[in-house]
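Summary of structural features
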Amino acid sequence: MEFRMAPAAWDARTGALAAGFTSLEAIPPLIAEYRDGLLSVRDGNHRHEAIRRKGWLTCWVIVWYNSAADYEQDRAWRCCVD
């Protein structure tokens, strides 16, 4: 996470979210950026932590690519591992 916050505030926020989450379908997707072969959560860090605290292993994510070349590189790699 690039923008840090006080641990107590982080814990309170993610704990409140986790307590309110009842199903994955009701949670907006995380937004992740593909950069240099890595995914970085750009919107939804609190939701990601709350989902993790619930013990859920999957969630919806929208991935954005900064170039067609990045998309093709990621797509080519995923085709080989699936």
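Since the structure is predicted, the reported quantities are computational estimates derived from the model, not experimental observations.

A few words now on the sheet that holds strand 1 (residues 30-35). On the basis of which strands lie adjacent, the open sheet formed by three strands has the order 2-1-3 and mixed pairing. At either end of the open sheet lies a strand with only one pairing partner, and these are strand 2 (38-43) and strand 3 (61-65). For this sheet, the mean inter-axis angle between neighbouring strands, taken without regard to orientation, is 35°. Pairing of strand 1 with strand 2, which is carried by five bridges, proceeds in the antiparallel orientation. Residue Ala32 lies in a different strand from strand 2, and its bridge partner there is Val41.

Parameters and conventions
- Residues numbered from 1 in each chain as written.
- Predicted model: local features only at pLDDT ≥ 70, side-chain atom pairs only at ≥ 80, totals over all residues.
- Heavy atoms only, no water.
- Pairing = 2+ DSSP bridges.
- Helix = DSSP H or I, 4+ residues; strand = E, 2+ residues; numbered from the N terminus.
- Axes fitted to C-alpha atoms, helices over the stretch in contact; angles between N-to-C directions.

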